[in-house]
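Residues per chain are reported as follows:
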Amino acid sequence: MLSADQEKQNSFQRRICEGDLVIVYERHDAMKPVTVRAGSELQNRFGVFKHSDWIGMPFGCKVLSNKGSHRTQILYIADISFVVSFLEVVPGCVVLESGTGSGSLTTSLARAVAPFGHVYTFDFHEQRAASAREDFERNGLTRFITVSVRDTQGEGFPEEFCGKADSVFLDLPQPWLAVPSSGKMLKPDGVLCSFSPCIEQVQRSCEALTTNFTDVRTFEVLLRTYEVRDVKFGSLGGDGSGGAVRKPPCKRKNRPSSDEENNGSMERSTSTVMAKPCPETRGHTGFLTFARLRCS
Amino acid sequence: MGEEEGGHSPNPNSKVTWEGCSVLLDINGGDRLVFARLSPAASLKIGDKKCSLQPLVGCPFGSLFQVETGPKGAHLVLVSSPASSSPGMTEGMDPQEKNDGKLKGDEKDNRALIDDNRAQNLTGEDIDAMRRCGASGDEIIEALISNSSTFEKKTVFSQEKYKLKKQKKYAPKVLLRRPFTRSICEAYFKKYPSRIGFLRVDTLSLLLSMANVGAYSDVLVVDMVGGILTGAVAERLGGTGYVCCTYPGSAPYSIDIVRMFNFSSEICSRIVQTSSSSLLSAQDGDDEDDSSSDPPSNKDNGSMISSDEQSKKSTTDGSPVPVPTSVVNAPPTKKSVNPGMPASPDAIKLWKRRGFSSLIVAAPDMDAWSMVDELLPLLSYSSPFAFYHQYLQPLATCMHRLQTEKKAVALQVSESWLREYQVLPSRTHPHMQMSGSGGYILSGTRIFDS
């Protein structure tokens, strides 16, 4: 949560209260957001968990393992973090965005412009704009975000923002249609970013950008994750076990194993911690095209 | 940073240069990158010519200048419109492709061109004579073109490349860039990557996101990458919160790169350096350090932050803001606030009581675990951390220990992959050269120790 109020900030003293939004975490790919309400319960295959048990506990505490199946934005964090950096968004900036989509980038932009700046985001769909507005209220970011319904491809951005934007972000099916308007909105040397999954869209956008923009650069960014295991390699010599035995760290202490000792220590001279890339990885999200408005 | 004497530093997001500000000069489209300060005597050497940087003061960032040689010597001239450069030709072009001459899809080709060094009729003396008569760089280039026997036979693309090559030599262009996390990191990664521990800009961006750096954060940082990390964090804090650079032992690490950011006094005052032993040993209510370093000055709060923030701070905090925010008005010193002053004892006590809101470690030559083991207790529960390393193995070992010792969750070791594209009609493809690695990150969230 973003707050100047020190009481609301995260700290050793902060405790879970009624109404707080908490993230219940079970594994690196299984997390679930829950609004804490005394009297409510969280149900999953491990049992029933009363919210009232959590109230008064410190954030970051462990409760018995919960599970959710919500796929988080972790896969896109590479794009989001790169965009925020390359758009040169800092506190005080005014940023225009279209479309709003899920609002995940909007959230990051809002965090980056706070507390002195603002994000104006526009979406074609009334429903999406409405649900994005709700999300931002839940996250306490409404102060920094204004959501509007608008067809930016057809109409461009509103005239009132001419020359006021430090950065513009486009996530549209036909972003080249919004390029001229973006050029009017941006301050000189301001930065534009367009996100498009297809290279044909990128080509048309770049063509449109050459008129009034410079420093046009297109990137792809992806995050590759690694899995880390404690591995004991077998050897060709006579111990008969052969092959590598993988011991997942800590969770299965009681599992019988040929050389398991009582103290459960994983640091054995015979095993080593190894890292290897995860077998499943994202191949593509979209191309990111950045450009700066020419100084005339 | 350019405050008081040396030039008034306006709005930190200023898009126009001022006397004494720090700039990044991009010469000939990225061929050479130079950090400079626009002080009165500042100059730039290009080839064998030295130009004063004074013409750059008061110009918007993004302005393009050209070196002109006149009777009085070389000077920088503002290029008012981009009419002379051919858009679409070199924009977005793979640097390697600018130098190689083979292109497909054109009627002419180079089969009739013989490279025997005799194509150009103008001699070096001819060119010097033109210069002495006050010919502009563009005029010299036109003369070279008209005196070249092979120019007409070249393809359109080759002609443009020829022109570009001559431009770089006889009328070099200097682009005035704003120093920013992005531009500073890219410049260093390209020219002196070891000074920033091979930390690439996308990896740096990830560190900031994974550690959830934003306004009002109190970020604990181990910066052994020259200060680029500290600068990046301070930029995102925008004068709120703190970035505390810590170090083992008694000597702080150099964070010189911070000086290139053009930070205002407010932001500089938020960058502090304190030894880990001071942070760890501070107790609530004890006055361990002498209060020599900073005079607390709560009254000056209002002058430095927006009125919005000021009213919030005074109504929601029960106690006066414990950390001093303004040192710039202290009469004895004439200098503006330098980043990297020691943290005040009050600040240290506050952090010990509440914990830092995130921890970022960039110590590419150190053992990750020993750093983590010592500093994790300073991080508030349920707060994120991100550790950067140029090698994978130390992070894997560190992650494993954090898991077995149950100190963190959401642990992930990642590597960012970045590829740039050249996008041009009929010539779209990824750049021929690519960075192989920008380093690795271990991220996670600290949990409550039972």
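Just so it is clear, the structure is predicted and the values come from calculations on it, not from any experiment.

A. The UniProt feature "binding site: S-adenosyl-L-methionine" (unreviewed entry) in chain A, seen in detail. Residues and elements named next belong to chain A. Under the UniProt annotation, "binding site: S-adenosyl-L-methionine" (unreviewed entry) lies at Ser 102, Gly 103, Ser 104, Leu 105, Asp 123, Asp 151 and Asp 171. Separated by 3.2 Å, the side chains of Ser 104 and Ser 102 make a polar contact. Not counting the four nearest positions on each side in its chain, Asp 151 is found in contact with Phe 124 and Gly 156.

B. Geometry of the packing of aromatic side chains. Considering all chains together, one arrives at 19 aromatic pairs over all chains under this definition. The interplanar angle of 75° and the centroid separation of 5.3 Å between the aromatic rings of Phe82(A) and Phe219(A) together place this pair among those described as edge-to-face. You can see Phe82(A) sitting in helix H1 (residues 77-86) and its partner Phe219(A) sitting in strand E10 (residues 213-232), a full 137 residues away along the chain. A residue is classified by how much of its surface remains accessible, and Phe219(A), at 2% relative accessible area, is buried. Ring centres of Tyr120(A) and Phe161(A) lie 4.5 Å apart, and the angle between their planes is 50°; on these two criteria the pair is classed as tilted. Linking Tyr120(A) in strand E6 (residues 118-123) with Phe161(A) in the loop between helix H4 (152-155) and strand E8 (165-170), this pair joins segments that are 41 residues apart in sequence. The structure contains a cluster of three or more aromatic residues connected by ring pairs, namely Phe82(A), Phe86(A), Phe219(A) and Phe290(A). Between Arg195(B) and the ring centre of Tyr192(B), over which it is positioned, the NZ or CZ distance is 4.0 Å. Above the plane of the ring of Tyr242(B) lies Arg270(B), whose end atom (NZ or CZ) is 4.9 Å from the centre.

C. The confidence of the model for chain A, seen in detail. Scored by pLDDT, chain A comes out at a mean of 81, with 77% of its residues at no less than 70. Ignoring residues within four places in sequence, the model shows residues 250-268 of chain A, a span with pLDDT below 50, making 16 contacts including any to other chains.

D. Quick peek at the interface of chain B and chain A. Taken together, the 81 residues of chain B in the interface contact 72 residues of chain A. In total, chain B and chain A occlude about 6,900 Å² of area from one another, counting both sides; carbon and sulfur atoms represent 57% of this. By the criterion of area lost to chain A, the three top residues of chain B are Arg182(B), Tyr216(B) and Arg354(B), representing 12% of everything that side buries. Run the count over chain B and chain A and you get six salt bridges. Two residues, Glu415(B) and Arg224(A), come together in a salt bridge whose shortest N-O distance is 3.7 Å. Taken together, the links from chain B to chain A amount to 17 residue pairs in polar contact (both at pLDDT 80 or more). Of all the elements in the fold, those that place two or more residues in the side of chain B that touches chain A are helix H5 (181-191), helix H6 (201-210), helix H7 (228-237), helix H11 (307-316), helix H12 (345-354), helix H14 (393-404), strand E13 (408-422) and strand E15 (440-446) of chain B. In terms of residue count, the dominant contributor to the side of chain B that touches chain A is E13(B) (13 residues). Pairing of E10(A) with E13(B), which is carried by nine bridges, proceeds in the antiparallel orientation. What sits directly across from Arg224(A), in E13(B), is Glu415(B).

E. Focus on the environment of Thr274(B). All names here are of chain B. Here Thr 274 lies in strand E10 (residues 271-275). Once the C-alpha coordinates of Thr 274 and Ser 250 are considered, the two residues, 24 residues apart in sequence, prove to be 9.0 Å apart. For Thr 274, the residues in contact, after removing those within four places along its chain, are Cys 244, Cys 245, Thr 246, Tyr 247, Leu 279, Pro 342, Ala 343 and Ile 348. A polar contact is formed between the side chain of Thr 274 and the backbone nitrogen of Ala 343, at a distance of 3.3 Å.

What counts, and where the lines are drawn
- Residues numbered from 1 in each chain as written.
- Chains lettered and ligands numbered in written order.
- Predicted model: local features only at pLDDT ≥ 70, side-chain atom pairs only at ≥ 80, totals over all residues.
- Heavy atoms only, no water.
- UniProt positions renumbered as here; feature names shortened; annotations may be inferred.
- Polar contact = N/O pair within 3.5 Å; in protein donor to acceptor, adjacent residues only side chain to side chain.
- Contact = heavy atoms within 4.5 Å.
- Phe/Tyr/Trp six-rings, centres within 6.5 Å; stacked < 30°, edge-to-face > 60°.
- Helix = DSSP H or I, 4+ residues; strand = E, 2+ residues; numbered from the N terminus.
- Buried < 20%, exposed > 50% of the residue type's maximum accessible area, 1.4 Å probe, protein only.
- Lys NZ or Arg CZ within 6 Å of the ring centre and 35° of its normal.
- pLDDT = per-residue confidence, 0-100.
- Buried area = accessible area lost by both parts, 1.4 Å probe.
- Salt bridge = Lys/Arg side-chain N within 4 Å of Asp/Glu carboxyl O.
- Pairing = 2+ DSSP bridges.

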